[in-house]
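# Structural description and commentary
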Amino acid sequence: MQFLDKTKIRIISGRGGNGMVAWRREKYVDKGGPAGGDGGNGGDVYLIADENMSTLMDFKYKSVFKADGGENGSIKNMHGKCAKDLFIKVPVGTVVRDLKTGNAIADLTEHEQQVLVAKGGRGGRGNARFATAQKRAPQFCEPGEPGIERELELELKLIADVGLLGMPNAGKSTLISRISSAKPKIADYPFTTLVPNLGVVRKRTGDGYVVADIPGLIEGASEGVGLGHDFLRHVERCRFLVHLIDTTEENPMKNYEIINSELAKHSEKLANLYQIVALNKIDSIDEERKEELVKEFSKVSKDVFLISAVVGENIDKLVDFMSIKVDEIEKQVTEIVIEEDLEAFNNDDSHYDIYKVSKDTFVVDGGKIKRLAAVTDARNTEQILRLQNILTNMGVFEELKKQGVKDGDTIVIGHLEMEYWEDQMYS
């Protein structure tokens, strides 16, 4: 299966349903009064972490997610049905960012942890809501609020307790297949591992911890050379690292230094993570060489193991020691700073644009304004006056004056066309 650890998606929450203008019509009930119901709320959009997902591959084939809209209000004070919320599953370890601002929105690190990323639009009120002792027969209703549309970046950072590092062909895939039930592809050529492999290692007590086999790093990985630079982010959350060294190489220490240099270039935090050194492939070297390597690597690490992942030599000792360290070393605290809250996802519904399309015609365009116009009956004086009052309070007429509107000019809003007369504009 292909591994995908960064992708972009577009989310759209549901619009709110429109309220309704309606009247109570019953036999023997004179002047029954307003009976228009409210519109239902649009569906919210949530992201929810799922431990059964290990990649963002699902989003390669579907990248647009839209929640349903609320139903419009109806007669007899019947409210429209609220839409169901939309839940989008992502792997545990997913960091969510808003593409427009670049700010982090959420860091989903636990199974079933969820975050509301787009609130559905509120349903509009029907005319029954506007009845008062002074205004017993309101001729207007509210439109529903629009949904919120956002583009998000999803970045997966694997949640593993231990990270296996090493040059290509150091034996990481063989080791993880030995100590867990993971079945990575293994071959005798570089870059066999093209994706991170996860395996669960069982302790003698019965519980387990997660080990990640990170694809081979080479010199220049932090600048984009080879494969490792794509996966360095996956070791950031590990408790500690197991650095696998191929003892059959000409200069194992040089390889060790290259990889640690790349870790330091990526981040100071990675460079300071505790490391166990595992000198692998000891079945292919003599005793004298083993002693030389242990002495050499003891200068850079206090915990050095001689192992052979192929034949299983000393693997149990290494796993037991790893289990002890998993209990001793606390889980890495995430450094993701959540820079936005839910309020940042609310649309600026008061925004509008004004276009002069001819010598005496102006078009007003904007989400709230267009929705208000859509539920305004041009034949109903009360509804027209209410729309004019709202436009005045929003500053639309002041902006029209700045753009040169004159008495007698035509203002177009959606399906409505009105003549502008300054002395008739209400405030």
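In the block above lies the structure referred to throughout.
Below you will find a few notes about this structure. (Residues numbered from 1 in each chain as written. Predicted model: local features only at pLDDT ≥ 70, side-chain atom pairs only at ≥ 80, totals over all residues. Heavy atoms only, no water.)

### Notes on the overall build of the chain
Heads up, the condition is: Here a strand is any run of E in DSSP of at least two residues, a helix any run of H or I of at least four, and the numbering for each starts at the N terminus. Partly exposed residues are those whose accessible area sits between 20% and 50% of the maximum for their type, while under 20% is buried and over 50% is exposed, using a 1.4 Å probe and protein chains only. Any two residues whose heavy atoms approach within 4.5 Å are treated as being in contact. Working definition of accessibility: Shrake-Rupley area with a 1.4 Å probe, residue cover restricted to the visible protein chains.
Regarding its fold elements, the chain presents 9 helices and 18 strands. The buried share of the chain, reckoned over its 427 residues, is 48%. Contacts in the chain between residues at least 24 apart in sequence constitute 72% of all its contacts with a sequence separation of at least 6. Surface exposure of the chain reaches about 21,900 Å², of which carbon and sulfur atoms provide 47%.

### Let's talk about the sheet that holds strand β2 (residues 45-50)
Convention followed: Pairing between two strands is assigned when DSSP locates at least 2 bridges connecting them. Axes, fitted as lines to C-alpha atoms, cover a helix only where it is in contact. Angles between the N-to-C directions of the axes lie from 0 to 180 degrees.
Across the sheet, which stays open at both edges, the 3 strands sit in the order β4-β2-β7 with mixed pairing between neighbours. Two strands close off the open sheet at either side, each with one partner strand: β4 (86-91) and β7 (114-118). Ignoring strand direction, the axes of neighbouring strands in this sheet form an average angle of 30°. Looking at chain direction, β2 and β4 are connected through 6 bridges and run parallel. Following the sheet pairing, Val45 is matched in β4 by Leu86.

### Some points on the packing of aromatic side chains
The test is simple: Two aromatic rings, drawn from Phe, Tyr or Trp (for Trp, its six-membered ring), form a pair once their centres lie within 6.5 Å of each other, and the interplanar angle then sorts them: stacked below 30 degrees, edge-to-face above 60, tilted otherwise. Throughout this description, the term charge over a ring refers to an Arg CZ or Lys NZ atom that lies within 6 Å of the ring centre and within 35 degrees of the ring normal.
Under the definition given, this model contains 7 aromatic pairs. The interplanar angle of 70° and the centroid separation of 5.8 Å between the aromatic rings of Phe59 and Phe65 together place this pair among those described as edge-to-face. Across the pair, Phe65 and Phe59 agree in class, each one buried. Over the aromatic face of Tyr274 sits the side chain of Lys325, whose NZ or CZ is 5.1 Å from the ring centroid. Between the NZ or CZ atom of Arg386 and the centre of the ring of Phe130, over which it lies, the distance is 5.2 Å.

### Notes on the pattern of salt bridges
Two side chains with opposite charge may pair up if their charged atoms get near one another. Formally: In what follows, salt bridge is the name for a side-chain nitrogen of Lys or Arg lying within 4 Å of a carboxyl oxygen of Asp or Glu.
Per the counting criterion, the structure on display carries 19 salt bridges. A salt bridge links Glu155 to Arg97; the nearest nitrogen and oxygen atoms lie 2.8 Å apart. Placement of Glu155 in strand β8 (residues 149-156) and of Arg97 in strand β5 (residues 94-98) is noted, with a sequence separation of 58 residues between them. With relative accessibility at 8%, the residue Glu155 sits in the buried group. The partner of Glu287 in a salt bridge is Lys290, and the shortest N-O contact between them spans 2.9 Å. One end of the pair is Glu287 and the other is Lys290, both in helix α5 (residues 287-297) and 3 residues apart, which spans about a single turn. Take Glu287: its relative accessible area is 52%, and that puts it in the exposed class. What you see here is one network of salt bridges that share partners, running through Arg122, Arg125, Glu142 and Glu145.

### A few points about the sheet that holds strand β12 (residues 240-246)
Taken in spatial order, the 6 strands make up an open sheet running β10-β11-β9-β12-β13-β14, and their pairing is mixed. The sheet terminates laterally at β10 (197-202) and β14 (304-306), the two strands that pair on one side only. Neighbour-to-neighbour, the strand axes of the sheet open up by a mean angle of 25°, direction not taken into account. Bridging between β10 and strand β11 (residues 208-213) involves 6 bridges; their strand directions are antiparallel. Directly across from Gly199, in β11, lies its bridge partner Val211. Packed on one face of the sheet, α5 meets β12, β13 (275-280) and β14 and runs near 165° to β13.

### Details of the pairing of β2
Within a regular beta strand, the side chains point alternately toward one face of the sheet and then the other, so they alternate between its two faces. For β2, the tally of buried residues reaches 6 of 6 residues, placing the bulk of the element in the interior. Residues of β2 alternate between two faces, with Val45, Leu47 and Ala49 on one and Tyr46, Ile48 and Asp50 on the opposite face, all of them buried. Bridge analysis of β2 against β7 gives 4 bridges, and the strand direction is antiparallel. Across the sheet, the residue bridging to Tyr46 is Leu116, located in β7.

### Considerations on the packing of helix α3 (residues 252-266) against α5
Heads up, the condition is: Here is the rule for handedness: rotate from the far helix to the near one, and if that takes an anticlockwise turn smaller than a right angle the crossing is left-handed, while a clockwise turn gives right-handed.
Running from N to C, α3 and α5 point in directions that differ by 30°, and their axes come no closer than 11 Å. Both α3 and α5 take part in a crossing whose hand is right-handed. Contacts between α3 and α5 involve Pro252, Met253 and Tyr256 from the former and Arg289, Leu293, Glu296 and Phe297 from the latter.

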